[in-house]
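# Remarks on the overall topology
Chain by chain, the residues run as shown.
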Amino acid sequence: MKKSKYEIDMCNGSIMDKLVSFSLPLMLSSILQLMFNAVDIIVVGRFSGSQALAAVGATTALINIFTNLFIGISMGANVLAARYYAAGQDREMSEAVHTAITLALISGVLMAFVGFGASRGALSLMATPADVIDQSTLYMRIYFLGMPFFMLYNYGAAILRAVGDTKRPLIYLIFAGMANAVLDLLLVIVVPLGVAGVAIGTVTSQMISSILVLRCLHQSETSYQIRFSKLSIKGIYLKRIFQVGIPAGIQSMVINFSNALLQSSVNSFGSIAMAGYTAANNILGFLYVSVNAVTQACMSFTSQNYSVRKPKRMDRVLLDCAILSAGISVVLGVGAYVFGSQVLKIYTADADVIQCGLEILSITTVPYFLCGIMDLFPGAMRGMGYSAVPMVLSVIGTVGTRIVWIYGFFPYHRSLHFLFISYPGSWIATIALQAVCFWFVRKRCLRVLNPAT
């Protein structure tokens, strides 16, 4: 099998430098992908006003609910591809890749239809104010038309991550991100389309990134090369992808449902608070994708080392990932806390909006390392093929804590600061549950990998 210069040997040699080599491009890629939305927010906030800013922000939680099930399933494709690749099973690798890409295309088309039709009703259920719901609906409908491109890119990038290639997806997103920024400025300032303009820019950038990643897979001379004539779904691989991916997707979807409940609570404060939450949430998004890059590394490295039966190396991967994730999140979280006011001014010049954003950042940024640690345990367990129990525990710990907080305590202490205490509280509760679960899963995996011991 011909190896690409972009691939990483996850099963031999030092670990930390390879984790950094894997995580840094992925982190930058995720930041660029998030910047698609950030550019939308900044442009409409600066040139179309606070109502347009609130309109775009009101869609974030809903879009995540709709999309994260299928994005979570791509984790199953990542784990399966990593195992086949490490074990040298070229035929299985090829068939799994073709199944994953076909699934991405089908799910993208499905999401386009569902999202377009359900946008306004879902926004109404979230109590989106009347002064922004029309613009929010327009943004969501255009955004969802780009779902096939969005899914194809994410599944294609998941396959490349499985073999350690996080650099080429970064290159592709640089091109797509530049196109997005140019189109946003053109379609909001020169051609005043408002939220429709930024949505069109985002969809176009997603199309560019998907074309580039598919071209990469098509031209590669490896076991993960795709041939469009071979695209099909084979049940055995679909089942294995679903075993890991569906619980991961449900977990992400349900957690984003809890974020939608938070959004509804924020909506009750009016459009100024919504705009402040939009900006603050985008900043938190940058923190999340940074630590999530380490989680993705943990999952891929664990999966490959599980395939070649190296449990001690798996333990070292988790420890090094915890050190890396905590270091990144502390630096970025403290930075966001200290310079929060200056960063929020990038999004809006409205002093009231900035004050609302600062209330949220004051309680969520410094302890953000807890979120990174919380996600590492499920990432390691998914790499070992265990996804259902971590999903249940994440739902109980994260969603359960937030629901209790929103409906049990928040009505008696109505402030944005108090509402968002539910973030660090839910992270602590979930870490406790996941750590216990990981201990049992690790013991079971040791028996599987070393049956004689």
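Just above sits the structure.
Here is a short report on the structure shown in this document. Being a predicted model, the structure only gives us computed values, none of them experimental. (Residues numbered from 1 in each chain as written. Predicted model: local features only at pLDDT ≥ 70, side-chain atom pairs only at ≥ 80, totals over all residues. Heavy atoms only, no water.)

### A word on the pattern of salt bridges
Condition: Any carboxyl oxygen of Asp or Glu within 4 Å of a side-chain nitrogen of Lys or Arg constitutes a salt bridge here. By the criteria applied, helices consist of DSSP H or I runs no shorter than four residues and strands consist of E runs no shorter than two, each listed in order from the N terminus. Burial status follows relative accessibility: with a 1.4 Å probe on protein chains alone, a residue under 20% of its type maximum counts as buried, one over 50% as exposed, and anything between as partly exposed.
Within the structure shown, the criterion is met by 7 salt bridges. Note that Glu95 is salt-bridged to Lys234, the shortest N-O span being 3.2 Å. Highlighted residues: Glu95 in helix α4 (residues 90-125) and Lys234 in the loop between α8 (195-219) and α9 (235-267), separated in sequence by 139 residues. The salt bridge involving Arg316 is made with Asp320; its shortest N-O contact spans 3.0 Å. Placement of both Arg316 and Asp320 in helix α11 (residues 311-338) is noted, with a separation of 4 residues, approximately one turn of the helix. Residue classification places Arg316 among the partly exposed residues on the basis of a relative accessible area of 42%. Since its relative accessible area comes to 4%, Asp320 is described here as buried.

### Focus on the nonpolar core
Operational definition: The definition of a nonpolar core used throughout is a set of buried Ala, Val, Leu, Ile, Met, Phe, Trp, Tyr and Cys residues joined through side-chain atoms within 4.5 Å. Residues count as neighbours in contact if any of their non-hydrogen atoms are within 4.5 Å of one another.
Formed by 69 residues in total, the largest nonpolar core has its most connected members in Val266, Phe301, Met384 and Phe420. Broken down by element, the residue count for this core peaks at 17 residues, all from helix α10 (residues 271-307). Once residues within four sequence positions are removed from consideration, Val266 is found in contact with Ala273, Met274, Tyr277, Leu416, Leu419 and Phe420. Residues Leu152, Tyr155, Tyr172 and Cys216 belong to the second largest nonpolar core, which totals 63 residues.

### A few points about the packing of α10 against helix α13 (residues 351-364)
Pairs of packed helices are described in terms of their axes, by the angle between the two and the distance that separates them. Convention followed: Angles run from 0 to 180 degrees between N-to-C directions of axes, and those axes are lines fitted to C-alpha atoms, restricted for helices to the stretch in contact. Working rule for angles: under 35 degrees goes down as roughly parallel, over 145 as roughly antiparallel, 65 to 115 as roughly perpendicular, anything else as oblique. Each crossing gets its hand from how the near helix is turned against the far one by less than a right angle, where anticlockwise is left-handed and clockwise is right-handed. Three classes are used, and their members are as follows: Ala, Val, Leu, Ile, Met, Phe, Trp, Tyr, Cys and Pro are nonpolar, Asp, Glu, Lys and Arg are charged, and the others, Gly among them, are polar.
Packing of α10 against α13 brings their axes to within 7 Å, and their N-to-C directions diverge by 45°. As the angle between them shows, α10 and α13 are arranged oblique. Crossing handedness for the pair α10 and α13: right-handed. Each of Ile272, Ala273, Ala275, Gly276, Tyr277, Ala280, Ile283 and Leu284 in α10 lies in contact with α13, whose residues at this interface are Asp352, Val353, Cys356, Gly357, Ile360, Leu361 and Thr364. Partitioned by chemical class, the residues of the contact of α10 with α13 number 11 nonpolar, 3 polar and 1 charged.

### Re unusual backbone geometry
Positive phi values are uncommon outside glycine, yet Arg309 reaches one of about 60°. Here Arg309 lies in the loop between α10 and α11.

### Points about the environment of Gln304
This is how the line gets drawn: Polar contacts, as counted here, are pairs of nitrogen or oxygen atoms within 3.5 Å of one another; within protein the pair requires one atom able to donate a hydrogen and one able to accept it, and residues that are adjacent in sequence qualify only if both atoms are side-chain atoms.
With respect to the helices, strands and loops of the structure, Gln304 is situated in helix α10. Exposure remark for Gln304: the relative accessible area of 3% places this residue in the buried category. With 224 residues separating them in the primary sequence, Gln304 and Leu80 have C-alpha atoms 9.3 Å apart. Residue contacts for Gln304: discarding those within four places in its chain leaves Met10, Cys11, Ala82, Tyr85, Ala86, Ala162 and Val163. Within the structure, the side chain of Gln304 is placed 2.8 Å from the backbone oxygen of Ala162, a separation counted as a polar contact.

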